[in-house]
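Chain and residue survey
As a plain string of letters, each chain reads:
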Amino acid sequence: QVQLAESGGGLVQPGGSLRLSCTTSGIIFNRNNVGWYRQAPGMQREMVATMTTLSTGGIANYAASVSGRFTISRDDAKNTVYLEMDSLKPEDTAVYFCWLGRPHLNFNSWGQGTQVHVTV
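This write-up is about the structure you can find in this document. Just so we're clear, the structure is a prediction, and the values are computed from it rather than from any experiment.

**Observations regarding the pairing of strand β1 (residues 3-7)**
- Residues L4 and E6 of β1 are buried on one face, while the alternating residues Q3, A5 and S7, pointing to the opposite face, are not.
- In this structure, β1 lies alongside strand β3 (residues 18-25), joined through five bridges in antiparallel fashion. By the bridge assignment for β3, Q3 is matched with S25.

**Section: the sheet that holds β1**
- Taking strand neighbours across the sheet as the criterion, the four strands line up as β1-β3-β8-β7 in an open arrangement whose pairing is antiparallel. Looking at which strands have only one partner, the edges of the open sheet turn out to be β1 and β7 (70-75). This sheet shows a mean twist of 15° between the axes of neighbouring strands, independent of strand direction.
- The pairing of β7 with strand β8 (residues 80-85) spans six bridges and is classified as antiparallel. Paired with D75 across the bridge in β8 is T80.

**A word on the state of the cysteines**
- Tallied over the entire structure, the rule returns one disulfide.
- Here C22 pairs with C98 through a disulfide, and the sulfurs are 2.1 Å apart. An S-S torsion of about -85° defines the bridge between C22 and C98 as left-handed. Of the two residues, C22 sits in strand β3 while C98 sits in strand β9 (residues 94-102), which places them 76 residues apart along the sequence.

**Here's the deal with the pattern of salt bridges**
- Summed over the entire model, instances satisfying the criterion amount to four salt bridges.
- In this structure, the salt-bridge partner of R38 is E46, at a minimum N-O distance of 2.7 Å.
- For R38, a relative accessible area of 6% gives the class buried.
- In this structure E46 comes out as partly exposed when scored by relative accessible area, which is 35%.

**Remarks on the nonpolar core**
- Core analysis: the largest hydrophobic core is formed by 26 residues, its most contacted members being W36, L83, M85 and Y96.
- Contributions of two or more residues to this core are made by β3, β4 (33-39), β5 (46-51), β7, β8, β9 and β11 (114-118).
- Top contributing element to this core by residue count: β9, with four residues.
- For L83, the residues in contact, after removing those within four places along its chain, are L18, R19, L20, W36, V48, A49, F70, T71, I72 and Y96.

**Things to note about unusual backbone geometry**
- The phi angle at N79 is positive, at roughly 55°, despite the residue not being glycine.
- Within the fold, N79 resides in the loop between β7 and β8.
- Positive phi, normally seen in glycine, also occurs at S87, with a value near 50°.
- By the secondary structure assignment, S87 is in the loop between β8 and β9.

Scoring rules and cut-offs
Residues numbered from 1 in each chain as written. Predicted model: local features only at pLDDT ≥ 70, side-chain atom pairs only at ≥ 80, totals over all residues. Heavy atoms only, no water. Buried < 20%, exposed > 50% of the residue type's maximum accessible area, 1.4 Å probe, protein only. Helix = DSSP H or I, 4+ residues; strand = E, 2+ residues; numbered from the N terminus. Pairing = 2+ DSSP bridges. Axes fitted to C-alpha atoms, helices over the stretch in contact; angles between N-to-C directions. Disulfide = S-S within 2.5 Å. Salt bridge = Lys/Arg side-chain N within 4 Å of Asp/Glu carboxyl O. Core = buried A, V, L, I, M, F, W, Y, C linked by side-chain atoms within 4.5 Å. Contact = heavy atoms within 4.5 Å.

Structure follows, in C-alpha cells:
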C-alpha cells in the first residue's frame, strides 16, 4: 500500500521560509515523478512544482507564481521529496499536497496535505 506523509507546514510571516518534506513507502520511489500541489480555500488544486525521475534527468518544473522562490528536490535513498519555500507571500497560504506518479501509466498517489499559513 502506497503511503505519503507530509510534514513541515506551519505558520510563517511574509518573507519567511519553510521546508516541506514528504516521505513515501510501499512503492519504488525512484521510478516515479514527484511533485507538490496546493489548494487554497475556495480554489482548485494547482501544481506548484514537479520533478521527473533522476534517470530521466530530474527535471524540475515550477508554477510561474513560485518560480525563483521555491525549490523542489528529491532524495531517492530516503524515498523523500522536499519543497524549500523562500520569500513566502500571503497568497502562498494553502494546503500543500505531495504527489507521486507515473502519468504515462495513469498512476497517481497523494498525501493527506499539510497546511501552510503566511500571515503577519
